[in-house]
Amino acid sequence: MAARRISSLLSRSLASSPALLSKGRRPSGSRTTGKYSTSAAVEDPITPSVKVNYTQLLINGQFVDSVSGKTFPTLDPRTGEVIANVAEGDARDIDLAVSAARKAFDDGPWPRMTAYERSKILLRFADLVEKHADEVAALETWDNGKTYEQSAKLEVPMFVRLFRYYAGWADKIHGLTVPADGSYHVQTLHEPIGVAGQIIPWNFPLLMFAWKVGPALACGNTIVLKTAEQTPLSAIYVAKLLHEAGLPAGVLNIVSGYGPTAGAALASHMEVDKLAFTGSTETGQIVLELAAKSNLKPVTLELGGKSPFIVCEDADVDKAVEMAHFALFFNQGQCCCAGSRTFVHEKVYDEFLEKSRKRAANRVVGDPFLGGIEQGPQVDGEQFKKILRYIKSGIEGGATLEAGGERFGSKGYYVQPTVFSNVKDDMTIAQEEIFGPVQTILKYKEVEEVIRRANASRYGLAAGVFTQNIDTANRLTRALRVGSVWINCFDIFDAAIPFGGYKMSGHGREKGIYSLSNYLQVKAVVTPLNNPAWL
Ligand SMILES: NC(=O)c1ccc[n+]([C@@H]2O[C@H](COP(=O)([O-])OP(=O)(O)OC[C@H]3O[C@@H](n4cnc5c(N)ncnc54)[C@H](O)[C@@H]3O)[C@@H](O)[C@H]2O)c1
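Residues numbered from 1 in each chain as written. Predicted model: local features only at pLDDT ≥ 70, side-chain atom pairs only at ≥ 80, totals over all residues. Heavy atoms only, no water.

S.K.: Help me understand the overall build of the protein, please; the structure alone is not making it clear to me.
M.R.: On a plain count of helices and strands, the protein comes out with 16 helices and 22 strands. Relative to the compact-globule value of 24 Å for 535 residues, the protein shows a C-alpha radius of gyration of 24 Å, a close match. Taking the principal axes of its C-alpha atoms as reference, the protein extends roughly 75 × 55 × 40 Å. Approximately 20700 Å² of the protein is accessible, and the part contributed by carbon and sulfur atoms is 53%. On the protein, the mean spot of the 58 positive side-chain charges and the mean spot of the 57 negative ones are 2 Å from each other. (Helix = DSSP H or I, 4+ residues; strand = E, 2+ residues; numbered from the N terminus. Rg over C-alpha atoms; globule rule 2.2 N^0.38 Å. Areas by Shrake-Rupley, 256 points an atom, 1.4 Å probe, with all protein chains shown as cover. Lys, Arg positive; Asp, Glu negative; His and termini not counted. Charge placed at Lys NZ, Arg CZ, Asp CG, Glu CD.)

Okay, structure coming up:
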C-alpha cells in the first residue's frame, strides 16, 4: 500500500467499534486534543472491552501452562498496568514445542497433503481473521500501544493479505528440469526445510507473525514461534483461529517467554532446521552464534536500521515534509526502517525545518483507542526511558531541539514528537537506533556528499529519496547500500515486495517470492537415461 494511502487512511477518523469500548467510554472529539501540549487525552484511558481469553502456551494444538507454572505480566503501555498474566515458557517448553513440531513434520499430514489443501486452510484462516478483525486489532493496540486505527485499517488487512498471498504460492512451488551434460534426467525438488524456529519482536507483533508464518506454512513446514515478551497476546489469538481453520495439531506452536531463556533455547535447539529472527542487531549476533554452535541451522535475520531519508533541492517541500514526518513518526517511531536520518539539501533546509517543526508540534498524541489519534505510547518503560536518554544526549551533544523533548502527560509511556536540527553525523542520535518519535535533521550540499554520508552507517535497511529529477533518483537508488529504496514514498509493505537489509541490518529477504527460499530445501535428483530420444 502506498505511503500516501497509508497516511490518508490513518488521518481519516475511524468510527471505533462499539464492541471494543466499555459502556460510556466512547471516544469524543473533546478528548482528542490535536496538540501535544495538552495531555488530557492520556490521563483517563479508555477500557477496551475485548476479552483476553488466551494466555497459555499453544503446543501440539492444545493450550497448556508452562512446565514451570510461571507466568509473566503483559502491560498496557498507556498506564503500565497489567493487562494479563501470560504463561512463561522456557527451555523445557521449547523442547515440548519442538518435539510437537518435529512429529508434525516427520509423521503428520501437513507436509504430505496437497499444496491446494494447505492453501485452502490458509485462505480459511484469512477469512476468520477478517471476521474477528475488531478483536485482533484491539488486542494489538492494547498490548503494543499503536493506534487502533492503524491496527484495524492497516495491519489487520495487511496480515490477511499476506496470508492470501502465500496461500496463492502454496501450489505454485515447483522445481526445475535441468539440462545437464551426459545421459541423465536431472530435476530439482523444492522440499520444505522442516521445523522452523521463529523469534519475533514487539513493534509489529501481527505483521511479524504473518511475514514468518505465512511463507513457512505455504511451503509445508512446521513451526515453533516465540513472541516478544512485551506483546504476546495477538499471536496466541490468531494461532487459535488458524487451528479453527483446519491447521493440524503440532504444525504451529506458540511459546511466550523471554529471549535469554525461551528464545535462546529455540535458536540453539538441535531439532530446529531453520531459524528466522527479527529484532535488534545485538540479539541477531547472539542467535546467529547459537545457531552456528548447535546444528548450523540456516538463519534469516531482519535487524536494526538508521535509514536515510534524502530530500533533494528540487523536492516539493510540503510533500517532502509530510513524507519525512510519516517515515519517522509512523508506529511511534518504532520501525526498524524508520527514516531516522533526514538529510535535507541546503537550498530547502530552512523551509523544510520550519514546516517539520510545525508538523511535529501538531501531531495528535493520545489514547490509541481514540479516533483521530496519530501517536500512542511507546511499547514499555524501557523503550520510553531509552528514548528520553537519547533526547538528552542530542541536547548535550549540541543539536538544536526544535520541538518536543519531553514525556507527554504524566501517565504511561508517551513521548512528545521531537525534532532536532543541526544534527552532525558523529552525534549519537545520528548513529544509533533511537526507536522512538525523534526526528534528526541534517544539512547537505552535494548528491555525492549525501551518498557518502548516508552509506556511512553499520546499517543498510532502507532509504527514502525525495526528488522530481529521474536522474537524481536513479543515481541515488543504485548508490545507496540498502535493501529497500522508496522514491517519493515510504514504508510500502505490500506482501509481494521483498524486505531485508544490507550490512548489519540482516541476512536474507522476507515477503514476496524471495521468502519462499528461506523455507525450502533444493534437492537435485539425477536418473541415468538409457537410449534417450533426445538430451
Ligand atoms: N528490526 C526490528 O524490527 C526491531 C524490532 C524490535 C526492536 N528492535 C531494536 O531492538 C532494540 C531492543 O528491542 P528488543 O529488546 O525488543 O529487541 P530484541 O532483539 O532484544 O528482541 C527481539 C526478540 O528477540 C528475543 N530475544 C532477546 N534476547 C534473546 C536471546 N538472547 N536469544 C534469543 N532470543 C532473544 C526477544 O525475546 C524478542 O522476541 C530496540 O530498541 C530497537 O532498536 C528492532
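S.K.: Please explain the sheet that holds strand 16 (residues 438-444) as it appears in this structure.
M.R.: Strands belonging to one sheet form pairs held by backbone hydrogen bonds; the direction of such a pair is parallel or antiparallel. Reading across the sheet, the seven strands line up as 14-15-16-13-12-18-19 and stay open at both edges, with mixed pairing between neighbours. The sheet terminates laterally at strand 14 (400-403) and strand 19 (484-487), the two strands that pair on one side only. Shown here is a sheet whose adjacent strand axes are inclined to one another by a mean of 25°, direction ignored. Pairing geometry for strand 18 (residues 462-466) and strand 19, over four bridges, is parallel. Considered in strand 19, the bridge of Val465 is made with Ile487. Sheet strands touched by helix 11 (residues 317-329): strand 12 (308-311), strand 13 (341-345), strand 15 (418-421), strand 16 and strand 18. Its angle to strand 16, the strand with the most contacts, is close to 135°. (Pairing = 2+ DSSP bridges. Axes fitted to C-alpha atoms, helices over the stretch in contact; angles between N-to-C directions. Contact = heavy atoms within 4.5 Å.)

S.K.: Mind showing me how you'd approach the packing of aromatic side chains here?
M.R.: Within this structure, the stated rule accounts for 22 aromatic pairs. Ring plane angle 90° and centroid distance 4.9 Å describe the contact between Tyr165 and Tyr166, whose orientation is recorded as edge-to-face. Taken individually, Tyr165 and Tyr166 each receive the classification buried, so the pair is uniform in this respect. A connected cluster of aromatic rings, assembled from ring pairs, spans Trp211, Phe309, Phe466, Trp486, Phe490, Phe493 and Phe499. Against the face of Trp110 rests Arg118, its NZ or CZ located 5.9 Å from the ring centre. Across from the ring centre of Tyr349, 4.8 Å away, lies the NZ or CZ of Lys443, which sits over that ring. (Phe/Tyr/Trp six-rings, centres within 6.5 Å; stacked < 30°, edge-to-face > 60°. Buried < 20%, exposed > 50% of the residue type's maximum accessible area, 1.4 Å probe, protein only. Lys NZ or Arg CZ within 6 Å of the ring centre and 35° of its normal.)

S.K.: What exactly am I supposed to notice about the side chain of Glu155 here?
M.R.: For Glu155, the position within the fold is in helix 6 (residues 148-170). Side-chain polar atoms of Glu155 contact the side chain of Lys146, separated by 3.0 Å. For Glu155, the residues in contact, after removing those within four places along its chain, are Glu140, Lys146, Gln150, Phe204, Leu207 and Asn331. (Polar contact = N/O pair within 3.5 Å; in protein donor to acceptor, adjacent residues only side chain to side chain.)

S.K.: How should I be thinking about the pairing of strand 12 in this particular structure?
M.R.: The side chains of a regular strand alternate between the sheet's two faces. Neither face of strand 12 is exposed, since Pro308 and Ile310 on one face and Phe309 and Val311 on the opposite face are all buried. Pairing analysis gives four bridges linking strand 12 to strand 13, with the strands arranged parallel. The residue bridging Pro308 from the neighbouring strand is Arg341, located in strand 13. For the crossover from strand 12 across helix 11 to strand 13, the handedness is right-handed. In terms of strand pairing, strand 12 meets strand 18 through three bridges, oriented parallel. If you follow Phe309 over to strand 18, its bridge partner there is Gly464. (Right-handed = clockwise from strand over helix to strand, strands pointing away.)

S.K.: What is the right way to look at the site of the ligand in this model?
M.R.: If you check the shell around the ligand, you find 29 residues, and the closest are Trp202, Glu229, Ser280, Lys386 and Glu433. At a separation of 2.8 Å, an oxygen atom of the ligand approaches a polar backbone atom of Ile200. Interatomic distance of 3.2 Å between a side-chain N/O atom of Gln383 and an oxygen atom of the ligand. Considered on its own, the ligand offers 800 Å² of accessible surface; in the complex 90% of this is hidden by protein. At the level of elements, helix 9 (259-267), strand 10 (274-278), helix 10 (281-293) and helix 13 (381-396) are the ones that each hand at least two residues to the shell around the ligand. Looking at which element gives the most residues to the shell around the ligand, the answer is helix 9, with four residues. For the shell around the ligand, the class distribution of residues is 13 nonpolar, 11 polar and five charged. Residue-level mapping places the shell around the ligand at the junction of two domains, with at least three residues from each of domain 1 (57-303 + 510-521) and domain 2 (308-494). (Near = heavy atom within 4 Å. Nonpolar A, V, L, I, M, F, W, Y, C, P; charged D, E, K, R; others polar. Domains from an automatic or database assignment.)

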